[in-house]
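In case you want the letters, here they are:
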Amino acid sequence: MRRWGGLPPNALKALDGKAPSAENPTHSRSPRAGGASAEGTGVRQSPRQLWLLPGQTANLGCRLPDHGSHVNWYKEKPDGSLHWIYQSSKFSSPKGKYSGRMENQFDFSLAISSAQREDSGVYYCSSHTFFPSFGNGTRLVVTNATQPQLSILVPADAEEPGQPPAAIPLLCRLHDLPPGWDTVRWQPGGQETPLTAAAVDERGVLSAWSIAWLPAERWHGAATCTALQSRTNRSASVAVGQGAGEGN
């Protein structure tokens, strides 16, 4: 049985790409560069999320609220810091696998050719025309996985002697997440929960989590997590203590 004491520090990045806030702690407030915030700046990126197979080209867009001559592109590292990768302008030239251009005074693009697993991550565009402002981010996921690898984690103190907690938090981890796997069903109870957090690790692998609270009186050391792909009705399951899933 795997135990956990908390999510990784960069896991509070929801699947819809938004940033954490006091009202919704699963939504992202970043990027964390120069104190800038993605909220309220008017810089917009598209798409919000992009899944590709290895070798395909990623095309990202950035639209400014006012005219500009260039934008800078950054990739978020697993520790939350930003790494500059490219500048798109009227006179841009390719830089390794990166290329981009100024479509017009408001729209800019970035292309990542022959994308590989390590290119997975969240990309931000930034305009410095009037003040540093960042877009809302595009999460790129490069994978050829067809279903996630599942595991269940229980709190480290769930089986400690003493006063039992009123409810036991169970965490289902979906590792190497393909598109469309967005819901988890728990047993016992049949509760369905959304994926509430996601993070890309240093190897470019996307993992997501779903948490359920099981009443302590119903916790007997056994639980099953079933991940559901809504558009195909496929599923994959894992039970506590087994560590291997079953799909259909």
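Computed from a prediction, not measured in an experiment: that's the story for all the values here. (Residues numbered from 1 in each chain as written. Predicted model: local features only at pLDDT ≥ 70, side-chain atom pairs only at ≥ 80, totals over all residues. Heavy atoms only, no water.)

1. What to know about the nonpolar core
Consideration 1: Counting 26 residues, the largest nonpolar core has Leu170, Leu174 and Trp186 as the members making the most contacts within it.
Consideration 2: Among the elements of the structure, strand S12 (149-155), strand S13 (167-175), strand S14 (181-187), strand S16 (197-200), strand S17 (206-215), strand S18 (224-229) and strand S19 (234-239) are those that each provide at least two residues to this core.
Consideration 3: If you look at the next biggest cluster of nonpolar residues, it comprises 20 residues, including Val43, Trp73, Leu110 and Val142. (Core = buried A, V, L, I, M, F, W, Y, C linked by side-chain atoms within 4.5 Å. Buried < 20%, exposed > 50% of the residue type's maximum accessible area, 1.4 Å probe, protein only. Helix = DSSP H or I, 4+ residues; strand = E, 2+ residues; numbered from the N terminus.)

2. A look at the side chain of Thr226
Consideration 1: Here Thr226 lies in strand S18.
Consideration 2: Judged by relative accessible area, which is 12%, Thr226 ranks as buried.
Consideration 3: Within polar-contact distance, the side chain of Thr226 engages the side chain of Ser237 at 2.8 Å.
Consideration 4: Here Thr226 is in contact with Thr183, Val184, Arg185, Ser235, Ala236 and Ser237, once residues within four sequence places are set aside. (Polar contact = N/O pair within 3.5 Å; in protein donor to acceptor, adjacent residues only side chain to side chain. Contact = heavy atoms within 4.5 Å.)

3. Considering the state of the cysteines
Consideration 1: Overall, the coordinates contain 2 disulfides when judged by the stated rule.
Consideration 2: The side chain of Cys62 participates in a disulfide bridge whose partner is Cys125; the two sulfur atoms lie 2.0 Å from each other. Between Cys62 and Cys125, the disulfide has an S-S torsion of 70° and is therefore right-handed. Of the two residues, Cys62 is situated in strand S4 (residues 58-63) and Cys125 in strand S9 (residues 121-127); the sequence distance between them amounts to 63 residues.
Consideration 3: Among the residues examined, Cys125 registers a relative accessible area of 0% and is labelled buried.
Consideration 4: In this model, Cys172 is linked to Cys225 through a disulfide, with the two sulfur atoms separated by 1.9 Å. (Disulfide = S-S within 2.5 Å.)

4. Things to note about unusual backbone geometry
Consideration 1: The omega torsion across Ser46 and Pro47 is -10°, close enough to zero to call that bond cis.
Consideration 2: Topologically, Pro47 is positioned in the loop between strand S2 (44-46) and strand S3 (49-52).
Consideration 3: Cis geometry is adopted by the peptide bond preceding Pro188, which originates at Gln187 and carries an omega value of 5°.
Consideration 4: Phi at Ser114 takes a positive value of approximately 45°, unusual for a residue other than glycine.
Consideration 5: If you trace the backbone, Ser114 turns up in the loop between strand S8 (107-112) and S9.
Consideration 6: For Asn233, which is not glycine, the phi torsion reads 65° and is therefore positive.
Consideration 7: Tracing the backbone shows Asn233 in the loop between S18 and S19.

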